[in-house]
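Letter by letter, the chains look like this.
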Amino acid sequence: QVQLVESGGGLVQIGGSLTLSCVASGSIFGVNDMGWYRQAPGKERELAESIGRHGVTVYADSVKGRFTISRDNAKNMVYLTMNNLKPEDTAVYYCDAMVLTEWGQSTRHYWGQGTQVTVSS
């Protein structure tokens with residue numbers, strides 16, 4: 001069993017900053033890509049930014065230059081530092097990880113429960 005737990009969400013002013021954290025625990029042999037998805041009210045979940053095991057990142061155009069993703073492989077943790085936040089960034093942010101739980105098996109997605117980020121004046 002694998003669990004992902006997010007933390008760090010909250011209320012922040014427009015132009016402010018916030019850092020989200022996520023830790024994966026359980027029966028883990030390895031973790032490949034980790035990422036942060038977000039879902040705003042009335043919209044589908046979308047990728048904000050992801051990072052591979054060796055640091056290659058993929059990100060949405062809407063967060064380019066403002067969000068920075070990082071990870072600590074030894075701790076199975078991933079972080080998302082968000083700067084210059086906008087009202088459009090308001091959403092529930094979900095942590096995702098591609099986890100190998102047994103040798104010889106394929107990795108699969110595991111999800112956290114989400115953390116709310118609200119950006120307002």
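Anyway, here's the lowdown on the structure attached to this text. (Residues numbered from 1 in each chain as written. Predicted model: local features only at pLDDT ≥ 70, side-chain atom pairs only at ≥ 80, totals over all residues. Heavy atoms only, no water.)

**A word on the state of the cysteines**
Any covalent bond linking the sulfur atoms of two cysteines counts as a disulfide. Within the structure shown, the criterion is met by 1 disulfide. One disulfide in the model links cysteine 22 with cysteine 95; its S-S distance is 2.1 Å. Handedness here is read from the sign of the S-S torsion; for cysteine 22 and cysteine 95, about -85 degrees, the answer is left-handed. Of this pair, cysteine 22 sits in strand S3 (residues 18–26) while cysteine 95 sits in strand S9 (residues 91–100), and the two are 73 residues apart along the sequence. Each member of the pair, cysteine 22 together with cysteine 95, is buried. (Disulfide = S-S within 2.5 Å. Helix = DSSP H or I, 4+ residues; strand = E, 2+ residues; numbered from the N terminus. Buried < 20%, exposed > 50% of the residue type's maximum accessible area, 1.4 Å probe, protein only.)

**Describing the pairing of S3**
Looking at chain direction, strand S1 (residues 2–7) and S3 are connected through 6 bridges and run antiparallel. Bridge pairing in S3 places valine 5 opposite valine 23. Sheet topology note: the S3/strand S8 (residues 77–82) ladder contains 6 bridges and is antiparallel. By the bridge assignment for S8, leucine 18 is matched with methionine 82. (Pairing = 2+ DSSP bridges.)

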